[in-house]
Amino acid sequence: MLEADVEVDRRDFTVRASLTVAPGERLALFGPSGAGKTTLLEVIAGMVAPRRARIALAGRVLTSTGKSATAVPPWQRKVGLLRQDPGLFPHLSIRDNLLYARRGRAGRVGPAGPAGPVAGADGAEGADGAAAGNLAELTELSEILGIAGLLAAMPARLSGGQAHRVALGRLLLAHCDALLLDEPYAGLDASLRRTLTDLVVSLVGQRRVPSILVAHELAETQAFADRLAVLDRGQILQAGSPSEVVLRPASRRVAELVGYTGFVPVPGSGSGSDRGSGPGSGSGSSPGSGPRSGRGSGPGSEETVAGVHPDRVIGGRHPDRGLVLAGVVTGCRPAGALWEVTVRVSGSRATVVARLPEAAPSEQEIALTALDPPCFGPDGTAVGIGETATVPR
Amino acid sequence: MGLAGTGVIWIALLGPVIALLTHLSWHAITTSLSAPGAFDPLVLSAESGAVTLGVLVLLGTPLAWALARGGLPFPRVWEAGVLASLLLPPLVIGLLLVFMIGPYTPIGHLLSGLHLSATDTFLALVIAQVYESAPYYVLGAQAAFSSVDPRLEQQAALLGDPPRRAFRRVTVPLAAPGLAMALAIAWARAMGAFGAVVIIAYHPTGLPLQIWTTLQETGLPSALPYALVLLVVALPLPIAAYIWSARARGRRRG
């Protein structure tokens, strides 16, 4: 179990975040560049001093400020950190890189180790046993990681993907109590990234260590995490399952961060009922799906908007499946195997982007349906789901 | 064109060595070096050079490390201190050392209280050599340490190494080729130290001074063999260091 309650100053804002990650759980911290994600990991790893924090890992307090201040140094934390640069030691072979933490620990224990006054023969036997254990684990892990043939090579000979496999193996052989991944695979191509992510996921599950991935690409966090926390300017805006965060963003800002590009005024949304939403309605986990019929009344429809995600739009009018939007195509360009169509919505200044299987020529009139769009009140908090949202009560 | 130009410069730089080898006669070597005590300057230079290197490693390495990792307040001031002994002409250093540690200075008094003297002694020779070679070692070692990625040291820490152990297991091995070169250059400077030495350590006579006095007393031909000896003593370490560091870098490339 990793518990972190951290407050750390950055140049232009303060990062305030509180996380709990269970053994074997994979938490992803998602947010734009400069949101404070890496800072948070560095505080947990003990490389950055926080203003105020309490960090506990596997029952040990690593950092605590206040009356009985504790700051366990990085080398005693047993926290593994993987960055984009695999950071292999260039003067050591792959085998020595993998066993780096083991060799160091063996050196520290030695004949006068914590075992107390042991006879020389016993000590040697223990060391031999440890060495055999190391070897067995090294062999097994390098098979799993697909680096068994590289043990004698030097790091400079490795490809980027191989170096990352070794770096991961080195952390696992160090028997870390937590695994922190700071956009480790950002520089690699998509298929390699996928393979490595799957590898981490299976090994983290096997070893039951809490792990945190930091990334600024949503797909990457979804491939990894079973829980997603959205961080923006040092604040956790929402935490939940990846699909929950994407489908039910707690606020307009979260929606923007997870890829909602169009915000369309909801026709006939009642302004009066919106006012009733207290601060409590901001919890995005409330799966309140308001009634879909256009029951809301009165002017002020500008105040509630529906978020439109390009990937959650289908062509045609399907009032039973979400919000129907009619408009004029203003642009169209290929995006992968789809077409990214920009549409100016009739009767408002809003434009939405939709990724559709077929191209649409400019100036063409088009009807789209945004599937179950999340709606946001004037203060930006979520007010429900549907064609015309009302406050969930 | 470029190759030819580079070749000319290379030959010009090697010119003195070529001149030495072409002007040495076997007869001159044997007569000069068979004189009684002819190897004393060599032994003295090697001994004082070894002590100088020890002092440099012991005192210069931490300074170079601190300079490289920016652990010092006002780093420019510290660097200026190192550069001072590089930029001052050795002769001037020698003169100033007399005012600093000569027999009539506070430090001189202190030393004589310990039955030591920093004028015309082995100690004086070592001090003069340290002043002439230290900047070469410190600046070279600083560059060697700077070339080690601090993130590797951080990684070693996260893998369980306290700073000292990370320094021993990661920093030193990675900086070793550069450190060896810095040490080798410092050795060559210490062996050839003359300017400061001639003022505060005229006696006992090391190799450079032996060359100077032989030149003064018996002329150029009999001084040349000592020049050869000086080269033979001063150069192997730099050459070995160069070869070793090139090979170490090669190994790292896999």
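Residues numbered from 1 in each chain as written. Chains lettered and ligands numbered in written order. Predicted model: local features only at pLDDT ≥ 70, side-chain atom pairs only at ≥ 80, totals over all residues.

A.B. asks: Just to check I follow, could you spell out the overall build of chain B for this structure?
C.D. replies: Helix and strand counts for chain B stand at 13 helices and zero strands. Principal-axis analysis of the C-alpha atoms gives chain B an extent of 65 × 60 × 35 Å. Going through the 254 residues of chain B one by one, you find that 37% of them count as buried. Pairs at least 24 apart in sequence give 76% of the contacts found in chain B among residues at least 6 apart. (Helix = DSSP H or I, 4+ residues; strand = E, 2+ residues; numbered from the N terminus. Buried ≥ 20, exposed ≤ 12 C-beta atoms within 10 Å, placed from the backbone. Contact = placed C-beta atoms within 7 Å.)

A.B. asks: Would you take a moment to explain the overall build of chain A for this structure?
C.D. replies: In terms of helices and strands, chain A carries 10 helices and 20 strands. Taking all 393 residues of chain A together, 43% fall into the buried category. Put simply, 71% of the contacts in chain A that link residues at least 6 apart link residues at least 24 apart.

A.B. asks: Where do I start with the interface of chain B and chain A in this structure?
C.D. replies: Taken together, the 19 residues of chain B in the interface contact 21 residues of chain A. Elements represented by at least two residues in the side of chain B that touches chain A include exactly helix H8 (150-158), helix H9 (163-192) and helix H13 (236-253) of chain B.

A.B. asks: Can you help me understand unusual backbone geometry in this one?
C.D. replies: Most peptide bonds take the trans form, and the phi angle of most residues other than glycine is negative. His-203 of chain B connects to Pro-204 of chain B through a cis peptide bond whose omega is -10°. By the secondary structure assignment, Pro-204 of chain B is in the loop between helix H10 (195-200) and helix H11 (207-218). At His-175 of chain A, a residue that is not glycine, the phi angle is positive and equals roughly 55°. Here His-175 of chain A lies in the loop between helix H5 (160-173) and strand S8 (178-182). Using a count of 15 C-beta atoms within 10 Å as the deciding quantity, one classes His-175 of chain A as partly exposed.

A.B. asks: Is there a simple way to explain the sheet that holds strand S17 (residues 351-356) of chain A in this structure?
C.D. replies: Pairing between the strands of a sheet is mediated by backbone hydrogen bonds and can be parallel or antiparallel. Residue and element names in this part refer to chain A. Read from one edge to the other, the open sheet built from five strands follows the order S14-S18-S15-S16-S17, with strand pairing classed as antiparallel. A single partner strand is all that each edge strand has here, and the edge strands are strand S14 (313-315) and S17. Strand-to-strand twist in this sheet, taken as the mean axis angle between neighbours without regard to direction, amounts to 45°. Note: strand S15 (residues 322-335) against strand S16 (residues 338-345), eight bridges, orientation antiparallel. Across the sheet, residue Gly-331 finds its bridge partner in S16, namely Thr-342. (Pairing = 2+ DSSP bridges. Axes fitted to C-alpha atoms, helices over the stretch in contact; angles between N-to-C directions.)

A.B. asks: Honestly, the nonpolar core in this entry has me stumped. Any pointers?
C.D. replies: For soluble globular proteins, nonpolar side chains are generally found buried alongside one another. If you look at the biggest cluster of nonpolar residues, it comprises 156 residues, and the most contacted ones within it are Leu-180 of chain A together with Ala-128 and Leu-183 of chain B. Shared between two domains, this core takes at least three residues from each, and those domains are domain 1 (2-88 + 158-243) and domain 2 (251-385) of chain A. Dropping the residues within four chain positions of it, Leu-180 of chain A is found in contact with Leu-41, Ile-44, Ala-45, Val-79, Gly-80, Leu-81 and Ile-212 of chain A. (Core = buried A, V, L, I, M, F, W, Y, C linked by C-beta atoms within 7 Å. Domains from an automatic or database assignment.)

A.B. asks: Even after reading the chapter, I still don't get the confidence of the model for chain A, so can you show me in this structure?
C.D. replies: In low-pLDDT segments, the atomic positions of the prediction should not be examined closely. Taken residue by residue, chain A gives an average pLDDT of 82. The fraction at 70 or more is 82%. The model gives residues 387-393 of chain A a pLDDT under 50, and that stretch makes 34 contacts with residues more than four places away or in other chains. (pLDDT = per-residue confidence, 0-100.)

A.B. asks: I would appreciate a short explanation of the domain arrangement of chain A in the present structure.
C.D. replies: By a widespread convention, an interface's size corresponds to the accessible area lost as its parts come together. Residues and elements named next belong to chain A. Here chain A is partitioned into domain 1 (2-88 + 158-243) and domain 2 (251-385). With eight residues of domain 1 at the contact, the number on the domain 2 side is eight residues. Elements represented by at least two residues in the side of domain 1 that touches domain 2 include exactly strand S10 (227-232) and strand S11 (235-240). Of all the elements, S11 adds the most residues to the side of domain 1 that touches domain 2, at three residues.

A.B. asks: Any chance you could explain the pairing of strand S13 (residues 305-308) of chain A here in plain terms?
C.D. replies: The side chains of a regular strand alternate, first on one face of the sheet and then on the other. All names here are of chain A. Residue alternation in S13 divides its side chains into two sets, Val-305 and Gly-307 and Ala-306 and Val-308, and both sets are buried. In the sheet, strand S12 (residues 262-265) pairs with S13 via four bridges, with the strands oriented antiparallel. Paired with Gly-262 across the bridge in S13 is Val-308. Direction of pairing for S13 relative to strand S19 (residues 374-376): antiparallel, over a ladder of two bridges. Looking at the pairing, Ala-306 lines up with Cys-375 of S19.

A.B. asks: Before we go on, may I ask you to explain the sheet that holds strand S20 (residues 382-385) of chain A in this structure?
C.D. replies: All names here are of chain A. Within the open sheet, the four strands sit side by side as S12-S13-S19-S20. Their pairing is antiparallel. Two strands in the sheet have a free side with no partner beyond their single neighbour: S12 and S20. The sheet shows a mean angle of 35° between the axes of neighbouring strands, direction not considered.

A.B. asks: Would you explain the packing of H9 of chain B against H13 of chain B in this entry?
C.D. replies: Between two packed helices, the angle of one axis relative to the other and the distance separating the axes together describe the packing. Residues and elements named next belong to chain B. Direction vectors running N to C along H9 and H13 enclose 170°, while the axes themselves pass 8 Å from each other. Taken together, the axis directions place H9 and H13 in an arrangement best described as roughly antiparallel. Across from Ala-176, Pro-177, Ala-180, Met-181, Leu-183, Ala-184, Ile-185, Trp-187 and Ala-188 in H9, the residues of H13 making contact are Leu-237, Pro-238, Ala-241, Tyr-242, Trp-244, Ser-245, Ala-248 and Arg-249. Here the residues of the contact of H9 with H13 are counted per class, giving 15 nonpolar, one polar and one charged. (Parallel < 35°, antiparallel > 145°, perpendicular 65-115°, else oblique. Nonpolar A, V, L, I, M, F, W, Y, C, P; charged D, E, K, R; others polar.)

A.B. asks: When you look at the environment of Ala-144 of chain B in this model, what are you seeing that I'm missing?
C.D. replies: You can see Ala-144 of chain B is positioned in helix H7 (residues 122-146). Under the C-beta neighbour-count criterion, Ala-144 of chain B is labelled buried, with 26 such atoms within 10 Å.

A.B. asks: What's the story with the packing of helix H5 (residues 90-101) of chain B against H7 of chain B in this structure? I'm lost.
C.D. replies: Residues and elements named next belong to chain B. Where H5 contacts H7, the two axes come as close as 11 Å, and the packing angle between them is 130°. In terms of orientation, H5 and H7 fall into the oblique class. Handedness of the H5/H7 crossing: right-handed. Together, Pro-90, Ile-93, Gly-94, Leu-97 and Ile-101 of H5 and Ile-127, Ala-128, Tyr-131 and Glu-132 of H7 make up the contact between the two elements. Partitioned by chemical class, the residues of the contact of H5 with H7 number seven nonpolar, one polar and one charged. (Left-handed = near helix turned anticlockwise from the far one by under 90°.)

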